[in-house]
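So the chains spell out like this:
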Amino acid sequence: MYLKEFEVRWSDVDANRHLANTAYINFMVHTRMCFLADQGFTHRIMAERNIGPVVFYEHMYYYKEVFPGQPVRVSLEVVGTSEDGKFFEFRHNFYDAKGMNFAHCEMMGAWMDLGQRKLVALEKDLLQMFSTVERATDFRVLTKEDTRRMSKFPKDLA
């Protein structure tokens, strides 16, 4: 399990004086990008390959309030990838200074070609790098159908 530590700053707090939902998202994004960089997916590599990660969804579950000045840790677990590396699913948990879990998130995303603006499989060398990462005990191989399982597409207005 990958862990990143943060301090809850004044700018991370909402009108209720607890950790704002946008701060949870920012902490998760930073954790994911640090994780990816640690695996070799640096900004330089992504720029050279003209790819970037995109998020399909982030489902948040909040259990307990967190206040400024308290350190928090955000975990990342790889719970799924497609065989070609195009799709990925991560799980995040949020822990307070005592190690108590106060929030949980399930997220799914994919890799996008930034020139063509379409989803792409990872190139062979990047797929090899990503296939060596530690996987959650409930890891599964994802298919395109898994990316649609939670969605109910509404009709267009037009």
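Keep in mind the model is a prediction, meaning the values are calculated, not measured.

Asker: Explain the packing of aromatic side chains to me, using residue names and the numbers behind them.
Answerer: Two measures describe an aromatic ring pair: the distance that separates the ring centres and the angle between the ring planes. Counted according to the given criterion, the structure contains 12 aromatic pairs. Taken together, the ring pairs in this structure connect Tyr 2, Phe 35, Phe 41, Phe 88, Phe 90, Trp 111 and Phe 130 into an aromatic cluster. Cation over ring: Arg 135 sits above Phe 139, and NZ or CZ is 4.1 Å from the ring centre.

Asker: Please give an account of the nonpolar core that cites residues and values.
Answerer: The biggest cluster of nonpolar side chains holds 35 residues, and the ones touching the most others in it are Leu 19, Phe 35, Phe 90, Phe 94, Phe 102, Trp 111 and Phe 130. If you list the elements that add at least two residues to this core, you get β1 (2–7), α1 (21–38), α2 (43–49), β2 (51–62), β3 (71–82), β4 (87–95), β5 (101–113) and α3 (124–130). Counting five residues, the second largest nonpolar core, distinct from the first, contains Tyr 57, Phe 87, Ala 110 and Leu 142.

Asker: Now, about the side chain of Ser 75: what can you tell me, with residues and values included?
Answerer: Inspection of the secondary structure assignment puts Ser 75 in strand β3. Owing to a relative accessible area of 0%, Ser 75 belongs among the buried residues under this scheme.

Asker: Got a sec to walk through the pattern of salt bridges? Specific residues and values, please.
Answerer: For the structure shown, the criterion picks out 10 salt bridges. A salt bridge links Asp 146 to Arg 140; the nearest nitrogen and oxygen atoms lie 3.2 Å apart. When its relative accessible area of 14% is taken as the criterion, Asp 146 is described as buried. We classify Arg 140 as partly exposed; its relative accessible area is 28%.

Asker: Let's hear about the environment of Phe 94: which residues, and what values?
Answerer: Among the structural elements, Phe 94 can be located in strand β4. As a C-alpha pair, Phe 94 and Leu 76 span 18 residues in sequence and 9.5 Å in three-dimensional space. The residues touching Phe 94, leaving out its near neighbours within four places in the chain, are Tyr 24, Phe 27, Met 28, Met 60, Arg 73, Val 74, Met 100, Asn 101, Phe 102, Ala 103 and His 104.

Asker: Can you break down the environment of Lys 118 residue by residue, with the values?
Answerer: Along the polypeptide, Lys 118 turns up in strand β6 (residues 118–119). Here Lys 118 falls in the partly exposed class, since its relative accessible area comes to 44%. For the pair Lys 118 and Ile 51, spaced 67 residues apart in sequence, the C-alpha to C-alpha distance is 9.7 Å. Apart from the residues within four sequence positions on either side, Lys 118 is in contact with Trp 111, Met 112 and Asp 113.

The rules we used
Residues numbered from 1 in each chain as written. Predicted model: local features only at pLDDT ≥ 70, side-chain atom pairs only at ≥ 80, totals over all residues. Heavy atoms only, no water. Phe/Tyr/Trp six-rings, centres within 6.5 Å; stacked < 30°, edge-to-face > 60°. Lys NZ or Arg CZ within 6 Å of the ring centre and 35° of its normal. Core = buried A, V, L, I, M, F, W, Y, C linked by side-chain atoms within 4.5 Å. Buried < 20%, exposed > 50% of the residue type's maximum accessible area, 1.4 Å probe, protein only. Helix = DSSP H or I, 4+ residues; strand = E, 2+ residues; numbered from the N terminus. Salt bridge = Lys/Arg side-chain N within 4 Å of Asp/Glu carboxyl O. Contact = heavy atoms within 4.5 Å.

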